[in-house]
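# Secondary and tertiary structure notes
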Amino acid sequence: MGYEKLTREQDYLQSRVDEYIWQRAKQLGVSRRRFLQTLAAGGMAAALSGRFSRTAWAAQTAPTPVIKPTPKELFYDFGSNKEMRWENMYERGYLVPNELFFVRNHTRTPRVDAKKWRLKFEGSGIQKPMELTYDELLSLPSVSMIRYVECAGNGRSFFEAVYGKKADGTQWKLGAIGVAEWTGVPLAEVLNRAGLKKSARDVMPEGLDDLKVRRPMPVAKALEGDTLLVYAMNGQPLPPDHGFPVRALIPGWIGVANIKWVGRIEVSEKPLFSAWNTDTYVLIGPDYKPEPPSKGPVLSNQDLKSALELPWGGEVNVARRLVRGRSWSPFGKIAKVEYSLDQGKSWQTARLREPNIAAAWVRWDFDWEPKPGKHTIRVRATDEKGNTQPNKVPFNQQGYLYNAVVDHPI
Ligand SMILES: Nc1nc2c(c(=O)[nH]1)N[C@H]1C(S)=C(S)[C@@H](COP(=O)(O)O)O[C@H]1N2
Ligand SMILES: [Mo]
């Protein structure tokens, strides 16, 4: 009783579109009566900007911020952001399947028609503007690379645990990371076709989502062999939530550099700026100084972290068991993983399992025979360049790059 009769998908979508248009119309000062009249007359599209017309909008935006199913056994739900539950990786292989991969959307997943999609190259850093169709991009030489994508805010919730004050943003534990095999065209290949100038300095991919999320990188990073324009993920066309038809893969860099739904790439002889390297994704806090026009040191690389494939604060059987986890570094392979069952008094070495790929991760394990009761497990990784996870990370307001050793409660 009282529920909407929206069992047919078409009715459901139409109803949500009408609701959305009504909300927009209301904001623009349209009365309910006039809204219904105009809707009946089919003239709402004309009354509002084309972008919010019934058909145009229905084709562009999904009814939910994330399209794929994100059941609560697999994900923690943060609205447009969905965090992977690590315990589900215990029974899996090296890669995170597309269905389990975390999602981080600033707004919502747009629906892009690959046939109409164009990738535009513009700016003072190339000889002349260039456009690519989906088929043209797919016809270029491609490579496949196994790399992680990790949000700069992964681990953010631990700032509150340590400092007693919350950092701004999604309170991720450690599940805002995934490793996949990405297939695409090296960005260098495409930039060279666009006539990249020697004087070019910054390259900025831009998304087709509502906010046009964009963030620059220096040309040197854009030209690295594993910096890609990706169209396939784990052997499948890129799923809508992960950037269909094409996303950027910027290995080792913070998640937001990996722009999804890329529609435009600006190449410039001058340094480029966006909100995502001046206001956000910069370090703001007592230990950091502004670097105008940025409010603090600008983030580029991710950092070294580890996670256990166990439920967070959950229960496990009191039986001899193999504890598993993964560690990762943007700077190289993982050289050593240590664990402590007594809050850091003593440390043992975990066994590393191949493959061990830089800017992806390594799997490791150890045997554990727990007694009934409460336990914590600490893990500390060291990479081949000698970087080790610290015991503490200074507070920053937006809660980026928390990579200290954490106590995993069991
Ligand atoms: N266009 C666009 N690209 C984007 C984002 C976005 O909101 N819009 N989110 C970024 C952030 S903050 C992260 S962490 C990654 C997440 O990638 P995923 O959703 O495929 O896991 O995408 C990045 N690319
Ligand atoms: Mo992110």
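Everything here concerns the structure above.
The structure reproduced in this document is the subject of the present report. All values derive from a computational prediction rather than experimental measurement. (Residues numbered from 1 in each chain as written. Chains lettered and ligands numbered in written order. Predicted model: local features only at pLDDT ≥ 70, side-chain atom pairs only at ≥ 80, totals over all residues. Heavy atoms only, no water.)

## Some points on the nonpolar core
Of all hydrophobic cores here, the largest spans 45 residues; its most connected members are Phe-121, Leu-137, Val-190, Val-203, Leu-229 and Ile-265. Among the elements of the structure, β4 (118–122), β5 (130–133), α5 (134–138), α7 (187–193), α8 (219–222), β10 (228–233) and β13 (262–268) are those that each provide at least two residues to this core. When near neighbours in sequence (up to four residues on either side) are disregarded, Leu-137 contacts Trp-117, Leu-132, Val-185, Val-190, Leu-229, Tyr-231 and Val-246. If you look at the next biggest cluster of nonpolar residues, it comprises 38 residues, including Met-145, Leu-228, Ala-307 and Ala-360. (Core = buried A, V, L, I, M, F, W, Y, C linked by side-chain atoms within 4.5 Å. Buried < 20%, exposed > 50% of the residue type's maximum accessible area, 1.4 Å probe, protein only. Helix = DSSP H or I, 4+ residues; strand = E, 2+ residues; numbered from the N terminus. Contact = heavy atoms within 4.5 Å.)

## Regarding the packing of aromatic side chains
A full pass over the atoms with the stated rule returns 18 aromatic pairs. Arranged with centres 6.4 Å apart and planes meeting at 5 degrees, the rings of Trp-364 and Phe-366 form a pair that is stacked. Of the two residues, Trp-364 and Phe-366, neither departs from the other in class, the shared state being buried. Positioned over the ring face of Tyr-76 is Arg-85, at 4.0 Å from the centre of the ring. Between Lys-173 and the ring centre of Tyr-76, over which it is positioned, the NZ or CZ distance is 4.1 Å. (Phe/Tyr/Trp six-rings, centres within 6.5 Å; stacked < 30°, edge-to-face > 60°. Lys NZ or Arg CZ within 6 Å of the ring centre and 35° of its normal.)

## Digging into unusual backbone geometry
Among all residues except glycine, the phi angle is most often negative; among peptide bonds, the trans geometry is most common. With omega at 5 degrees, the peptide bond leading from Phe-244 into Pro-245 counts as cis. Note that Pro-245 resides in the loop between β11 (236–237) and β12 (247–249). Cis geometry marks the peptide bond from Pro-292 to Pro-293, where omega comes out at 0 degrees. The residue Pro-293 is located in the loop between β13 and β14 (305–308) in this model. Positive phi values are uncommon outside glycine, yet Lys-212 reaches one of about 50 degrees. The topology assignment puts Lys-212 in the loop between β8 (202–207) and β9 (217–218). One non-glycine residue, Leu-401, lies in the positive phi region at around 50 degrees.

## Quick notes on the pattern of salt bridges
Scanning the model with the defined rule gives 21 salt bridges in all. Its salt-bridge partner being Glu-338, residue Arg-380 comes within 3.1 Å of it at the nearest N-O pair. With Arg-380 in strand β20 (residues 376–383) and Glu-338 in strand β16 (residues 334–340), this pair connects stretches of sequence that are 42 residues apart. Of the two residues examined, Arg-380 and Glu-338, each falls in the buried class. The salt bridge involving Asp-367 is made with Arg-351; its shortest N-O contact spans 3.5 Å. Residue Asp-367 is found in strand β19 (residues 362–368), and its partner Arg-351 is found in strand β18 (residues 351–356); the two are separated by 16 residues along the sequence. For Asp-367, a relative accessible area of 35% gives the class partly exposed. Residue Arg-351 is classed as partly exposed on the basis of its relative accessible area, which comes to 35%. Salt bridges here are not isolated pairs; linked through shared partners, they connect Glu-122, Glu-206, Arg-214, Arg-264 and Glu-266. (Salt bridge = Lys/Arg side-chain N within 4 Å of Asp/Glu carboxyl O.)

## Focus: the side chain of Asn-105
With respect to the helices, strands and loops of the structure, Asn-105 is situated in the loop between β3 (103–104) and β4. Residue classification places Asn-105 among the buried residues on the basis of a relative accessible area of 1%. For Asn-105, the side chain forms a polar contact with the side chain of Thr-109, separated by 2.9 Å. In this structure, Asn-105 is in contact with Pro-65, Val-66, Ser-80, Asn-81, Asp-241, Lys-260 and Trp-261, ignoring residues within four places of it in sequence. (Polar contact = N/O pair within 3.5 Å; in protein donor to acceptor, adjacent residues only side chain to side chain.)

## Focus on the site of ligand 1
Taken together, 21 residues form the shell around ligand 1, and within it Phe-102, Asp-209, His-242, Arg-247 and Lys-260 come nearest. Interatomic distance of 2.7 Å between a backbone N/O atom of Phe-102 and an oxygen atom of ligand 1. Here Asn-258 contributes a backbone N or O atom positioned 3.1 Å from a nitrogen atom of ligand 1. Relative to its free-state accessible area of 530 Å², ligand 1 is covered by the protein chains to the extent of 100%. (Near = heavy atom within 4 Å. Areas by Shrake-Rupley, 256 points an atom, 1.4 Å probe, with all protein chains shown as cover.)

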